[in-house]
Amino acid sequence: MTARVLPALGPAQELRVPREVERVLPNGLCVRAIRRPGVPLVELRLRIPFAKANLARAELLAQTLFSGTETMSNRDIAVGLQAVGGGLSAAVDPDWLMISGNGLVTGLDRILDILAEVLTGATYPQDEVATERGRLVDRIQVANSQPAHLARVALLKRMYGKHPYAVQTPEPDQVRAVRPGQLRALHAERVHPAGANLVIVGDLPPNKALDAAERALSGWNGAGRPVQMPPAPPLTPGPLLLVDRPGVVQSSLRVALPAVERTHPEHAALQLANLVFGGYFSSRWVENIREDKGYTYGPHSQVEHAAAGSALIAAAEVATEVTAPALLETFYELGRLASLPPKEDELEQARQYALGTLRLGMSTQAGLAGLASMYAAFGLRLDFLAEHAARLAAATRDEVAAAAATYLAPSRAVTVVLGDAERIEGPLSALLPVERHVAS
């Protein structure tokens, strides 16, 4: 059978982003509106600075934020949103309290009114807090039984030491101790528009969206002040951290490497270097330890950006008996890319993937709202997407090679392995000095 020849990749096209209109309200809230015609829907994304908040209280606050106010029960909130085909939800990470919403364009005023009601008057009823507290404890306990979660926990502690990023999941007992009064106090202290940003994407004129936001949210208390997250410490290579879980049949490999923020001149080149290494299915690492050797099903690497710093994280789950060989091949692929420039065709394939992913991310209202909100959180406008796409398109083979040599060298790696230490410590110690810990 004759092999089919794939057509050549087309030239990269300029990325065009929709117009973004911004207004800063008197209370400090920055509102950005983007018109996306096509469907009569609207997407909202609100980010409120939440750095250094108590983990257990912050998680439970996000789970119970829409549990009721002085004038609305949780059922009233749900019915009011459903009447306009809408919904609102909250989540929290080490930097932000994030509220997401959507609904019919005709229901935007109602969605914003309910959002304002919750932001200014959430009461955190006892029964609702108790219910969600139990659910959160259950989720944490389930997570604490999962190797991937435990490997992530160990990696964060190894990467960040005493920095707040080192611990991102509360202990069950910490959650059990949270009371409604503490949530009301945290809300009063931290849920303010100062430093917050709201993005609205939908099929309506931007100024109309901005007017609606100002009408509904201008009464939100602007007296708060964002808490600053200290800069993340630089990664410190050292012994491989081996977290012992006796009897498990798989090992979780985690490797952290230094990275740069989105606005850094080398960010585009590093993103391409990461894709060539392990950032998508056609990468070298996937080809090596998945397709060629069958050590794992889904290895993956990505650059993670947080407010206080960025890092490149590589992760793979492998059978216990091939733990050391898989790690050896990981270091081999990192070293190969850090030492030799990528081939022109594989760089071009990674480039097209990166540019295509950007376009795909903007293809829906929800995706566009998420991107605009994420960039707003870092003080960037949506125009940055077009600038970044241009840098991806222009990055040369030499620039990608230089970024790989600077950031992907195995000597700069922080390495964590979670698995059965009795079976894997010996082979691993032939690669690196090993520091053994017991899984908590």
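Look above for the structure.
Residues numbered from 1 in each chain as written. Predicted model: local features only at pLDDT ≥ 70, side-chain atom pairs only at ≥ 80, totals over all residues. Heavy atoms only, no water.

Draft legend 1. The arrangement of the overall build of the protein chain in detail. Summing up its helical and strand segments, the protein chain has 16 helices and 12 strands in all. Relative to the globule expectation of 22 Å for 440 residues, the C-alpha radius of gyration of the protein chain, 24 Å, shows essentially globular dimensions. The C-alpha extent of the protein chain, read off along each of the three principal axes, is 65 × 55 × 45 Å. Taking the contacts inside the protein chain whose residues are at least 6 apart along the sequence as the reference set, 82% of them involve residues at least 24 apart. Charged side chains in the protein chain number 43 positive and 45 negative. The centres of these two groups are separated by 2 Å. (Helix = DSSP H or I, 4+ residues; strand = E, 2+ residues; numbered from the N terminus. Rg over C-alpha atoms; globule rule 2.2 N^0.38 Å. Contact = heavy atoms within 4.5 Å. Lys, Arg positive; Asp, Glu negative; His and termini not counted. Charge placed at Lys NZ, Arg CZ, Asp CG, Glu CD.)

Draft legend 2. Quick look at the packing of aromatic side chains. Throughout the structure, instances matching the rule amount to four aromatic pairs. Measuring from ring centre to ring centre gives 5.2 Å for F277 and W285, while their planes differ by 15°; the resulting arrangement is stacked. Each member of the pair, F277 as well as W285, carries the same accessibility label: buried. In this structure, R290 packs its charged tip against the face of Y297, placed 4.6 Å from the ring centre. (Phe/Tyr/Trp six-rings, centres within 6.5 Å; stacked < 30°, edge-to-face > 60°. Buried < 20%, exposed > 50% of the residue type's maximum accessible area, 1.4 Å probe, protein only. Lys NZ or Arg CZ within 6 Å of the ring centre and 35° of its normal.)

Draft legend 3. Structural detail: helix 2 (residues 74–82). Turning to helix 2, its buried residues number three or more, namely I77, G80 and L81. Taken end-on, helix 2 shows its buried residues confined to a sector of 95°, consistent with a single buried face. Exposed positions of helix 2 whose direction lies more than 90 degrees from the buried face are R75 and Q82. Structurally, helix 2 contributes buried residues whose contacts are with strand 4 (87–92) and helix 3 (108–121). (Arc of directions from axis to C-beta.)

Draft legend 4. Highlighting the pattern of salt bridges. One pass over the full model with this rule turns up 23 salt bridges. A salt bridge links D173 to R176, with the nearest nitrogen and oxygen atoms 2.5 Å apart. Within this pair, D173 and its partner R176 are both found in helix 6 (residues 172–176), separated by three residues, close to a single helical turn. Residues R336 and E333 are paired through a salt bridge, measuring 2.9 Å at the closest nitrogen-oxygen approach. A residue pair is termed a helical-turn pair when its members lie 3 or 4 positions apart in one helix, as R336 and E333 do in helix 11 (residues 323–339) at three residues. (Salt bridge = Lys/Arg side-chain N within 4 Å of Asp/Glu carboxyl O.)

Draft legend 5. Structural detail: a nonpolar patch on the surface. A grouping of V39, L41 and L104 is seen on the molecular surface, where their side chains present a nonpolar patch of about 210 Å² in accessible area. Along the polypeptide, L41 turns up in strand 3 (residues 41–49). (Patch = residues over 30% accessible without salt bridge, like charges linked within 9 Å, V, L, I, M, F, W, Y side chains within 5 Å. Areas by Shrake-Rupley, 256 points an atom, 1.4 Å probe, with all protein chains shown as cover.)

Draft legend 6. Summary view of the nonpolar core. One finds L270, L272, L385, L408 and L428 to be the most contacted residues of the largest nonpolar core, which totals 63 residues. At eight residues, the largest contribution of residues to this core is made by helix 9 (residues 267–279). Beyond its immediate sequence surroundings of up to four residues, L428 is in contact with L240, L242, T323, A324, L327, V417 and V434. Counting residues in hydrophobic clusters, the runner-up holds 58 residues, among them V84, V137, I140 and A209. (Core = buried A, V, L, I, M, F, W, Y, C linked by side-chain atoms within 4.5 Å.)

Draft legend 7. Structural context of the environment of E387. Its location among the elements puts E387 in helix 14 (residues 383–394). E387 sits in the partly exposed class, given a relative accessible area of 42%.

Draft legend 8. Just the packing of helix 1 (residues 55–64) against helix 7 (residues 180–190), in detail. Contact geometry of helix 1 with helix 7 gives a least axis separation of 10 Å together with a crossing angle of 90°. With respect to their mutual orientation, helix 1 and helix 7 come out roughly perpendicular. Of helix 7, the residues touching helix 1 (which contributes R57, A58, L60, L61 and T64) are Q182, L183, L186 and H187. Of the residues that constitute the contact of helix 1 with helix 7, the class distribution is five nonpolar, three polar and one charged. (Axes fitted to C-alpha atoms, helices over the stretch in contact; angles between N-to-C directions. Parallel < 35°, antiparallel > 145°, perpendicular 65-115°, else oblique. Nonpolar A, V, L, I, M, F, W, Y, C, P; charged D, E, K, R; others polar.)

Draft legend 9. Quick peek at the sheet that holds strand 7 (residues 240–244). What the six strands build is an open sheet, ordered 9-10-8-11-7-12; its pairing is mixed. Whereas interior strands pair on both sides, the edge strands pair on one side only; in this sheet they are strand 9 (300–306) and strand 12 (434–438). Strand-to-strand twist in this sheet, taken as the mean axis angle between neighbours without regard to direction, amounts to 20°. Bridging between strand 7 and strand 12 involves five bridges; their strand directions are parallel. Paired with V243 across the bridge in strand 12 is H437. With respect to the sheet, helix 10 (residues 284–292) is in contact with strand 9 and strand 10 (309–319), its orientation differing from that of strand 10 by roughly 15°. Across the face of the sheet, helix 11 comes into contact with strand 7, strand 8 (250–258), strand 10 and strand 11 (414–419) while running at roughly 20° to strand 8. (Pairing = 2+ DSSP bridges.)

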